Amino acid sequence: MESRAINFGAGPSALPASVLQEATKGLLNFNETGIGIAEISHRSKEFTAYLQGVEQNIRKLLDVQPTHSILFTQGGGSTQFSAVVLNMLARHRLLHPQLTDKDRVLDYVVTGSWSKKAAEEAKRMGESTVNIAADSRKYSKDQKSFDNIPTADAYSFSSDPALIYYCANETVDGVEFSTEETSPASFPFHLLPKNALLPLVGDYSSSFMSRPIPHLSDHAIIYAGAQKNVGPAGLTILIVRNDCIVDADAAARLGATPIPICLSYKTLADHNSLYNTPPVLSIYITGLVLEYMLQRGGLDYYADLTNRKSKKLYHVLKDGETKGIFKGKVKEGSGSQMNVVFDVLGEGLLAKFIAGAEERGMKGLKGHRSVGGVRVSLYNAVTEEETDQLISYMEQFAGQHEVNKE
(Lines give C-alpha, C1' and ligand atoms only; values in the text may rest on other atoms or scores of the structure.)
Protein backbone atom coordinates (compact mmCIF):
# COMPACT_ATOMS: atom_id res chain seq x y z
CA MET A 1 0.00 0.00 0.00
CA GLU A 2 1.19 3.51 -0.78
CA SER A 3 2.46 5.66 2.06
CA ARG A 4 -0.37 7.52 3.81
CA ALA A 5 -0.27 10.79 5.74
CA ILE A 6 -1.10 10.84 9.44
CA ASN A 7 -4.50 12.51 9.59
CA PHE A 8 -5.03 14.61 12.74
CA GLY A 9 -7.97 16.41 11.11
CA ALA A 10 -11.13 17.18 13.09
CA GLY A 11 -13.48 15.55 10.61
CA PRO A 12 -13.98 13.94 8.26
CA SER A 13 -11.21 12.12 10.03
CA ALA A 14 -8.93 9.13 9.96
CA LEU A 15 -10.30 5.65 9.34
CA PRO A 16 -8.43 2.35 9.86
CA ALA A 17 -6.43 1.48 6.74
CA SER A 18 -7.55 -2.16 6.84
CA VAL A 19 -11.18 -1.05 6.88
CA LEU A 20 -10.63 1.16 3.84
CA GLN A 21 -9.00 -1.76 2.03
CA GLU A 22 -11.96 -3.98 2.85
CA ALA A 23 -14.36 -1.26 1.73
CA THR A 24 -12.77 -1.17 -1.71
CA LYS A 25 -13.85 -4.79 -2.19
CA GLY A 26 -17.42 -3.90 -1.29
CA LEU A 27 -17.40 -1.07 -3.80
CA LEU A 28 -17.13 -3.71 -6.50
CA ASN A 29 -18.98 -6.62 -4.90
CA PHE A 30 -21.05 -6.18 -1.73
CA ASN A 31 -21.45 -9.41 0.25
CA GLU A 32 -21.13 -11.61 -2.84
CA THR A 33 -24.11 -10.00 -4.55
CA GLY A 34 -22.10 -9.10 -7.62
CA ILE A 35 -23.26 -5.50 -7.14
CA GLY A 36 -21.19 -2.75 -5.53
CA ILE A 37 -22.39 -1.18 -2.28
CA ALA A 38 -22.73 2.21 -3.99
CA GLU A 39 -25.06 0.64 -6.55
CA ILE A 40 -27.20 -1.78 -4.55
CA SER A 41 -30.81 -1.10 -3.59
CA HIS A 42 -31.24 0.03 -0.01
CA ARG A 43 -34.31 -2.23 0.12
CA SER A 44 -32.45 -5.37 -0.97
CA LYS A 45 -32.46 -8.19 1.57
CA GLU A 46 -28.66 -8.06 1.69
CA PHE A 47 -28.50 -4.39 2.67
CA THR A 48 -31.42 -4.51 5.11
CA ALA A 49 -29.73 -7.44 6.87
CA TYR A 50 -26.48 -5.48 6.96
CA LEU A 51 -28.25 -2.46 8.45
CA GLN A 52 -29.69 -4.64 11.21
CA GLY A 53 -26.19 -5.90 11.94
CA VAL A 54 -24.88 -2.34 12.26
CA GLU A 55 -27.64 -1.58 14.76
CA GLN A 56 -26.87 -4.70 16.79
CA ASN A 57 -23.17 -3.83 16.97
CA ILE A 58 -23.97 -0.31 18.21
CA ARG A 59 -26.16 -1.90 20.90
CA LYS A 60 -23.38 -4.29 21.81
CA LEU A 61 -20.63 -1.68 21.99
CA LEU A 62 -22.63 0.90 23.96
CA ASP A 63 -24.89 -1.51 25.86
CA VAL A 64 -28.02 0.15 24.47
CA GLN A 65 -31.13 -1.36 26.08
CA PRO A 66 -34.48 -2.09 24.34
CA THR A 67 -35.87 1.09 25.94
CA HIS A 68 -34.08 2.97 23.14
CA SER A 69 -34.29 2.72 19.36
CA ILE A 70 -31.32 3.20 17.06
CA LEU A 71 -32.07 5.24 13.97
CA PHE A 72 -29.98 6.18 10.95
CA THR A 73 -30.41 9.43 9.08
CA GLN A 74 -28.56 12.24 7.30
CA GLY A 75 -27.81 15.91 7.84
CA GLY A 76 -25.28 15.73 10.67
CA GLY A 77 -25.49 17.33 14.08
CA SER A 78 -26.56 20.66 12.61
CA THR A 79 -29.80 19.14 11.32
CA GLN A 80 -30.40 17.59 14.73
CA PHE A 81 -30.21 21.07 16.28
CA SER A 82 -33.63 21.55 14.67
CA ALA A 83 -34.94 17.98 14.79
CA VAL A 84 -34.50 17.53 18.54
CA VAL A 85 -36.42 20.75 19.20
CA LEU A 86 -39.30 19.76 16.93
CA ASN A 87 -39.59 16.20 18.25
CA MET A 88 -39.18 17.07 21.92
CA LEU A 89 -41.65 19.97 21.70
CA ALA A 90 -44.15 17.61 20.04
CA ARG A 91 -43.68 15.20 22.95
CA HIS A 92 -44.11 18.01 25.45
CA ARG A 93 -47.26 19.21 23.66
CA LEU A 94 -48.81 15.75 23.96
CA LEU A 95 -47.88 15.58 27.65
CA HIS A 96 -48.93 19.15 28.48
CA PRO A 97 -51.46 20.35 25.88
CA GLN A 98 -52.70 23.17 28.13
CA LEU A 99 -49.40 25.09 28.27
CA THR A 100 -48.73 28.16 26.13
CA ASP A 101 -45.67 28.26 23.88
CA LYS A 102 -43.97 30.70 26.24
CA ASP A 103 -44.36 28.20 29.09
CA ARG A 104 -42.53 25.47 27.18
CA VAL A 105 -38.89 25.79 28.20
CA LEU A 106 -35.80 24.40 26.50
CA ASP A 107 -32.68 24.19 28.69
CA TYR A 108 -29.30 24.57 26.98
CA VAL A 109 -25.87 24.07 28.51
CA VAL A 110 -23.50 26.21 26.45
CA THR A 111 -19.85 25.20 26.64
CA GLY A 112 -18.56 25.88 23.13
CA SER A 113 -19.24 26.81 19.53
CA TRP A 114 -21.52 23.85 18.78
CA SER A 115 -23.75 24.11 21.85
CA LYS A 116 -23.94 27.86 21.20
CA LYS A 117 -25.18 27.16 17.66
CA ALA A 118 -27.69 24.62 18.97
CA ALA A 119 -29.12 27.18 21.43
CA GLU A 120 -29.24 29.85 18.71
CA GLU A 121 -31.19 27.50 16.45
CA ALA A 122 -33.70 26.78 19.22
CA LYS A 123 -34.20 30.52 19.73
CA ARG A 124 -34.56 31.10 15.98
CA MET A 125 -37.27 28.46 15.73
CA GLY A 126 -39.40 30.15 18.40
CA GLU A 127 -42.39 28.24 19.79
CA SER A 128 -40.75 28.09 23.25
CA THR A 129 -38.58 29.85 25.81
CA VAL A 130 -34.86 29.05 25.72
CA ASN A 131 -33.17 28.98 29.11
CA ILE A 132 -29.36 28.97 29.14
CA ALA A 133 -28.90 26.63 32.09
CA ALA A 134 -25.16 27.30 32.12
CA ASP A 135 -22.75 29.32 29.99
CA SER A 136 -19.08 28.51 30.46
CA ARG A 137 -17.96 31.87 29.09
CA LYS A 138 -18.92 33.48 32.40
CA TYR A 139 -16.19 31.44 34.08
CA SER A 140 -13.45 31.92 31.49
CA LYS A 141 -10.34 34.03 31.88
CA ASP A 142 -11.79 36.82 29.73
CA GLN A 143 -15.53 36.15 30.25
CA LYS A 144 -15.97 35.46 26.55
CA SER A 145 -13.92 32.36 25.70
CA PHE A 146 -15.04 28.73 25.82
CA ASP A 147 -12.09 27.48 27.85
CA ASN A 148 -13.74 25.49 30.64
CA ILE A 149 -16.48 23.14 31.77
CA PRO A 150 -18.49 24.85 34.55
CA THR A 151 -18.73 23.31 38.02
CA ALA A 152 -22.06 22.02 39.31
CA ASP A 153 -22.95 25.24 41.14
CA ALA A 154 -23.09 27.10 37.80
CA TYR A 155 -26.19 25.27 36.52
CA SER A 156 -29.78 26.47 36.73
CA PHE A 157 -32.13 23.89 35.22
CA SER A 158 -35.84 24.55 34.69
CA SER A 159 -38.43 22.60 36.67
CA ASP A 160 -40.09 20.84 33.72
CA PRO A 161 -38.24 21.60 30.47
CA ALA A 162 -39.15 20.06 27.15
CA LEU A 163 -35.48 19.25 26.66
CA ILE A 164 -32.10 19.61 28.35
CA TYR A 165 -29.29 19.87 25.80
CA TYR A 166 -25.54 19.52 26.19
CA CYS A 167 -22.60 18.81 23.88
CA ALA A 168 -20.31 16.18 25.37
CA ASN A 169 -17.20 17.31 23.48
CA GLU A 170 -16.69 20.67 21.78
CA THR A 171 -14.62 20.02 18.67
CA VAL A 172 -13.69 23.64 17.99
CA ASP A 173 -12.89 24.81 21.50
CA GLY A 174 -11.34 21.62 22.88
CA VAL A 175 -13.40 21.25 26.07
CA GLU A 176 -15.11 18.04 27.14
CA PHE A 177 -17.26 16.82 30.00
CA SER A 178 -15.31 14.35 32.11
CA THR A 179 -16.67 10.81 32.45
CA GLU A 180 -15.32 10.68 36.00
CA GLU A 181 -18.35 11.55 38.13
CA THR A 182 -16.14 12.94 40.91
CA SER A 183 -14.53 15.42 38.52
CA PRO A 184 -15.68 19.06 38.76
CA ALA A 185 -15.85 18.95 34.95
CA SER A 186 -18.38 16.11 34.80
CA PHE A 187 -21.95 16.71 33.68
CA PRO A 188 -24.14 17.34 36.78
CA PHE A 189 -26.48 14.36 36.39
CA HIS A 190 -27.09 14.51 40.14
CA LEU A 191 -28.90 17.85 39.72
CA LEU A 192 -31.53 16.34 37.42
CA PRO A 193 -34.80 14.86 38.73
CA LYS A 194 -34.68 11.26 39.93
CA ASN A 195 -37.14 8.55 38.89
CA ALA A 196 -38.26 10.54 35.87
CA LEU A 197 -38.10 10.16 32.10
CA LEU A 198 -35.58 12.92 31.57
CA PRO A 199 -35.74 15.01 28.37
CA LEU A 200 -31.92 14.86 28.22
CA VAL A 201 -30.32 15.36 24.79
CA GLY A 202 -26.61 14.67 24.29
CA ASP A 203 -24.62 15.67 21.20
CA TYR A 204 -21.87 13.05 21.11
CA SER A 205 -20.67 13.64 17.55
CA SER A 206 -16.96 14.02 18.26
CA SER A 207 -16.57 11.54 21.12
CA PHE A 208 -19.02 8.85 19.97
CA MET A 209 -17.56 5.36 20.35
CA SER A 210 -14.35 6.59 21.97
CA ARG A 211 -15.56 5.35 25.39
CA PRO A 212 -18.84 4.41 27.13
CA ILE A 213 -21.51 7.12 27.45
CA PRO A 214 -22.27 7.96 31.09
CA HIS A 215 -25.93 7.47 32.09
CA LEU A 216 -26.85 6.48 28.55
CA SER A 217 -30.20 5.01 29.61
CA ASP A 218 -31.19 8.33 31.23
CA HIS A 219 -30.98 10.16 27.91
CA ALA A 220 -33.97 10.93 25.75
CA ILE A 221 -31.80 11.37 22.66
CA ILE A 222 -28.14 10.87 21.83
CA TYR A 223 -26.98 11.77 18.37
CA ALA A 224 -23.68 11.69 16.55
CA GLY A 225 -22.29 12.32 13.11
CA ALA A 226 -20.32 9.26 12.05
CA GLN A 227 -17.42 11.20 10.54
CA LYS A 228 -15.23 11.40 13.66
CA ASN A 229 -14.73 7.90 15.04
CA VAL A 230 -16.86 5.42 13.14
CA GLY A 231 -17.23 6.26 9.45
CA PRO A 232 -17.25 8.74 6.60
CA ALA A 233 -19.39 11.85 6.42
CA GLY A 234 -23.03 11.48 5.49
CA LEU A 235 -24.42 9.31 8.29
CA THR A 236 -26.02 10.53 11.52
CA ILE A 237 -26.72 7.97 14.25
CA LEU A 238 -29.56 8.53 16.72
CA ILE A 239 -30.26 6.69 19.97
CA VAL A 240 -33.80 7.68 20.93
CA ARG A 241 -35.74 6.59 24.00
CA ASN A 242 -38.97 5.05 22.81
CA ASP A 243 -41.27 7.48 24.61
CA CYS A 244 -39.68 10.28 22.55
CA ILE A 245 -40.80 8.72 19.28
CA VAL A 246 -44.16 10.48 19.16
CA ASP A 247 -47.01 11.04 16.74
CA ALA A 248 -46.01 14.41 15.30
CA ASP A 249 -49.33 14.79 13.47
CA ALA A 250 -51.30 14.31 16.69
CA ALA A 251 -49.10 16.94 18.36
CA ALA A 252 -49.66 19.29 15.41
CA ARG A 253 -53.43 18.98 15.83
CA LEU A 254 -52.89 20.29 19.38
CA GLY A 255 -50.93 23.28 18.09
CA ALA A 256 -47.35 21.99 17.80
CA THR A 257 -45.28 22.94 14.77
CA PRO A 258 -45.68 20.28 12.05
CA ILE A 259 -42.45 18.31 11.71
CA PRO A 260 -41.04 17.78 8.20
CA ILE A 261 -41.58 14.10 7.54
CA CYS A 262 -37.90 13.16 7.29
CA LEU A 263 -37.07 14.97 10.54
CA SER A 264 -39.72 13.05 12.47
CA TYR A 265 -38.24 10.28 14.60
CA LYS A 266 -41.48 8.33 14.19
CA THR A 267 -41.00 8.29 10.43
CA LEU A 268 -37.51 6.86 10.86
CA ALA A 269 -38.61 4.32 13.48
CA ASP A 270 -41.72 3.14 11.64
CA HIS A 271 -39.70 2.49 8.49
CA ASN A 272 -36.56 1.05 10.09
CA SER A 273 -34.59 4.07 8.86
CA LEU A 274 -35.57 3.23 5.27
CA TYR A 275 -38.38 5.73 4.58
CA ASN A 276 -36.11 7.25 1.95
CA THR A 277 -32.70 6.21 0.68
CA PRO A 278 -30.21 6.28 3.56
CA PRO A 279 -26.48 7.01 3.11
CA VAL A 280 -25.75 3.46 2.01
CA LEU A 281 -21.98 3.76 1.53
CA SER A 282 -21.48 5.56 4.85
CA ILE A 283 -23.50 2.89 6.65
CA TYR A 284 -21.45 0.17 4.99
CA ILE A 285 -18.10 1.60 6.07
CA THR A 286 -19.44 2.36 9.55
CA GLY A 287 -20.42 -1.28 9.84
CA LEU A 288 -16.88 -2.34 8.93
CA VAL A 289 -15.43 0.04 11.54
CA LEU A 290 -17.74 -1.32 14.26
CA GLU A 291 -16.66 -4.89 13.46
CA TYR A 292 -13.05 -3.75 13.61
CA MET A 293 -13.66 -2.17 17.02
CA LEU A 294 -15.28 -5.29 18.42
CA GLN A 295 -12.34 -7.38 17.27
CA ARG A 296 -10.02 -5.14 19.29
CA GLY A 297 -11.94 -5.35 22.54
CA GLY A 298 -14.69 -2.78 22.16
CA LEU A 299 -14.98 0.45 24.10
CA ASP A 300 -12.80 -0.68 27.01
CA TYR A 301 -9.90 -0.93 24.56
CA TYR A 302 -10.63 2.43 22.93
CA ALA A 303 -11.21 4.27 26.20
CA ASP A 304 -7.81 3.08 27.43
CA LEU A 305 -6.17 4.01 24.13
CA THR A 306 -7.76 7.47 24.21
CA ASN A 307 -6.56 8.04 27.76
CA ARG A 308 -2.99 7.09 26.90
CA LYS A 309 -2.81 9.23 23.76
CA SER A 310 -4.31 12.32 25.36
CA LYS A 311 -2.23 12.09 28.55
CA LYS A 312 0.97 11.95 26.52
CA LEU A 313 -0.09 14.91 24.42
CA TYR A 314 -1.11 17.09 27.36
CA HIS A 315 2.20 16.23 29.06
CA VAL A 316 4.30 17.44 26.12
CA LEU A 317 2.06 20.50 25.79
CA LYS A 318 2.69 21.39 29.43
CA ASP A 319 6.41 20.91 28.95
CA GLY A 320 6.28 23.22 25.91
CA GLU A 321 4.49 25.82 28.01
CA THR A 322 7.37 25.88 30.49
CA LYS A 323 9.69 26.58 27.55
CA GLY A 324 7.54 29.48 26.37
CA ILE A 325 6.66 27.87 23.03
CA PHE A 326 3.20 26.37 23.45
CA LYS A 327 0.18 27.69 25.30
CA GLY A 328 -2.89 25.60 26.00
CA LYS A 329 -6.27 27.21 25.34
CA VAL A 330 -8.27 25.29 27.94
CA LYS A 331 -8.24 25.31 31.73
CA GLU A 332 -6.70 22.24 33.31
CA GLY A 333 -9.28 19.54 33.96
CA SER A 334 -11.61 20.67 31.18
CA GLY A 335 -9.48 19.62 28.20
CA SER A 336 -10.85 17.33 25.53
CA GLN A 337 -9.35 13.91 25.02
CA MET A 338 -10.43 14.02 21.38
CA ASN A 339 -9.46 17.55 20.28
CA VAL A 340 -6.45 19.12 21.98
CA VAL A 341 -6.07 22.84 21.19
CA PHE A 342 -3.15 25.17 21.78
CA ASP A 343 -1.27 28.17 20.45
CA VAL A 344 2.33 28.32 19.24
CA LEU A 345 3.95 31.46 20.63
CA GLY A 346 6.38 33.67 18.78
CA GLU A 347 6.10 35.54 15.52
CA GLY A 348 5.82 33.19 12.56
CA LEU A 349 6.25 30.04 14.67
CA LEU A 350 2.70 28.77 14.19
CA ALA A 351 3.14 28.65 10.42
CA LYS A 352 6.57 27.08 10.89
CA PHE A 353 5.14 24.43 13.22
CA ILE A 354 2.37 23.51 10.78
CA ALA A 355 4.76 23.43 7.82
CA GLY A 356 7.24 21.25 9.69
CA ALA A 357 4.49 18.82 10.65
CA GLU A 358 3.33 18.54 7.05
CA GLU A 359 6.89 17.88 5.90
CA ARG A 360 6.82 14.92 8.29
CA GLY A 361 3.54 13.62 6.88
CA MET A 362 1.30 14.95 9.66
CA LYS A 363 -1.74 16.81 8.36
CA GLY A 364 -4.94 18.44 9.59
CA LEU A 365 -3.34 20.29 12.51
CA LYS A 366 -4.60 23.80 11.86
CA GLY A 367 -7.07 25.04 14.46
CA HIS A 368 -10.61 25.92 13.45
CA ARG A 369 -10.75 29.14 11.45
CA SER A 370 -12.75 30.86 14.21
CA VAL A 371 -10.09 30.34 16.89
CA GLY A 372 -6.80 29.67 15.08
CA GLY A 373 -3.81 27.95 16.64
CA VAL A 374 -3.32 24.19 16.54
CA ARG A 375 -5.90 21.46 16.97
CA VAL A 376 -4.84 17.83 17.34
CA SER A 377 -7.70 15.39 16.88
CA LEU A 378 -7.03 12.00 18.44
CA TYR A 379 -9.88 9.97 17.03
CA ASN A 380 -9.97 6.19 17.32
CA ALA A 381 -8.14 5.47 14.07
CA VAL A 382 -5.17 7.67 15.04
CA THR A 383 -2.79 5.11 16.50
CA GLU A 384 -0.64 5.51 19.57
CA GLU A 385 2.44 5.23 17.36
CA GLU A 386 1.22 8.09 15.17
CA THR A 387 0.51 10.16 18.28
CA ASP A 388 4.04 9.44 19.49
CA GLN A 389 5.44 10.77 16.21
CA LEU A 390 3.64 14.08 16.76
CA ILE A 391 4.82 14.22 20.37
CA SER A 392 8.41 13.64 19.28
CA TYR A 393 8.08 16.49 16.77
CA MET A 394 6.58 18.80 19.40
CA GLU A 395 9.46 18.04 21.78
CA GLN A 396 11.97 18.73 19.03
CA PHE A 397 10.25 21.95 17.98
CA ALA A 398 10.02 23.23 21.56
CA GLY A 399 13.68 22.44 22.15
CA GLN A 400 14.77 24.32 19.03
CA HIS A 401 12.73 27.44 19.79
CA GLU A 402 12.79 27.49 23.58
CA VAL A 403 12.38 30.98 25.02
CA ASN A 404 12.95 30.30 28.70
CA LYS A 405 16.50 28.99 28.42
CA GLU A 406 18.82 29.61 31.34
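See above for the structure.
Computed from a prediction, not measured in an experiment: that's the story for all the values here.

Definitions and limits used
Numbering of residues begins from 1 in every chain and follows the order in which that chain's sequence is written. For a predicted model such as this one, the threshold for reporting local features is a pLDDT of at least 70, and the threshold for listing and counting side-chain atom pairs is 80 or more; totals across whole chains, interfaces and linings nevertheless cover every residue. Values shown for side chains rest on all heavy atoms present in the structure; no hydrogens or waters enter the calculation. Patches were defined on residues exceeding 30% relative accessible area and lacking a salt bridge, with like-charge contacts within 9 Å and nonpolar side-chain contacts (Val, Leu, Ile, Met, Phe, Trp, Tyr) within 5 Å. Throughout, the Shrake-Rupley method with a 1.4 Å probe supplies accessible areas, and for residues the shown protein chains are the sole cover considered. A pair is scored as a salt bridge if a Lys or Arg side-chain nitrogen falls within 4 Å of a carboxyl oxygen belonging to Asp or Glu. Runs of E in the DSSP output that reach at least two residues are strands. Runs of H or I that reach at least four are helices, and both are numbered from the N terminus. Burial classes: relative accessible area under 20% of the type maximum marks a residue as buried, over 50% as exposed, and values in between as partly exposed (1.4 Å probe, protein chains only). Axis geometry follows a simple rule: fit a line to the C-alpha atoms, using only the stretch in contact for helices, then measure angles between N-to-C directions, giving values from 0 to 180 degrees. The labels follow the angle: roughly parallel below 35 degrees, roughly antiparallel above 145, roughly perpendicular from 65 to 115, and oblique for the rest. Contacts are assigned to residue pairs with any non-hydrogen atoms lying within 4.5 Å of each other. Following the grouping adopted for this structure description, the nonpolar residues are Ala, Val, Leu, Ile, Met, Phe, Trp, Tyr, Cys and Pro, the charged ones are Asp, Glu, Lys and Arg, and the polar ones are all others, Gly among them. For a helix, the expected span equals 1.5 Å multiplied by the number of residues minus one. Pairing of aromatic side chains here covers Phe, Tyr and the six-membered ring of Trp, requires ring centres within 6.5 Å, and sorts the geometry by plane angle: under 30 degrees stacked, over 60 edge-to-face, intermediate tilted. We call two strands paired when DSSP finds no fewer than two bridges between them.

Draft legend 1. Structural view of a nonpolar patch on the surface. Judged by side-chain polarity, L27, L28 and L281 come together as a nonpolar surface patch covering roughly 290 Å² of accessible area. With respect to the helices and strands, the residue L27 is situated in helix α1 (residues 17-28). Overall, the relative accessible area of 40% leaves L27 in the partly exposed class.

Draft legend 2. Spatial organisation of the packing of helix α8 (residues 298-322) against helix α10 (residues 384-400). Closest axis-to-axis distance for the α8/α10 pair is 10 Å, and the angle between their directions is 5°. What the angle tells us is that α8 and α10 run roughly parallel. Residue-level inspection shows L305, R308, K309, K312, L313, V316, L317 and G320 of α8 in contact with α10, the latter providing E384, T387, D388, L390, I391, M394, E395 and A398. For the contact of α8 with α10, the per-class residue count stands at 8 nonpolar, 2 polar and 6 charged.

Draft legend 3. Here's a closer look at α10. With 17 residues, α10 extends 24 Å from end C-alpha to end C-alpha; this agrees with the ideal 24 Å at 1.5 Å per step. Among the residues of α10, E384, T387, L390, I391, Y393, M394, F397 and A398 are the ones counted as buried. Elements in contact with the buried residues of α10: α8, β11 (326-328), β12 (339-344), α9 (349-359), β13 (362-363) and β14 (374-377).

Draft legend 4. Representation of the packing of aromatic side chains. Within the structure shown, the criterion is met by 21 aromatic pairs. Consider the rings of Y166 and Y204, whose centres lie 6.0 Å apart with planes at 85°: the pair is edge-to-face. One end of the pair, Y166, is in strand β5 (residues 163-167); the other, Y204, is in the loop between β8 (200-203) and β9 (219-225), with 38 residues separating them in the sequence. Residue Y166 is classed as buried on the basis of its relative accessible area, which comes to 1%.

Draft legend 5. Representation of the sheet that holds β14 in the model. Strands sit in the order β11-β12-β14 across an open sheet of 3 strands; the sheet is antiparallel. If you trace the sheet from one side to the other, it starts and ends with β11 and β14, each paired once. Within this sheet the neighbouring strands show an average axis-to-axis angle of 35°, counted without direction. Alignment of β12 against β14, held across 4 bridges, turns out to be antiparallel. Each residue of the ladder has a partner; that of N339, found in β14, is S377. The sheet contacts of α8 involve β11, β12 and β14, and relative to β11 the element is tilted by about 120°. Packed on one face of the sheet, α10 meets β11, β12 and β14 and runs near 125° to β11.

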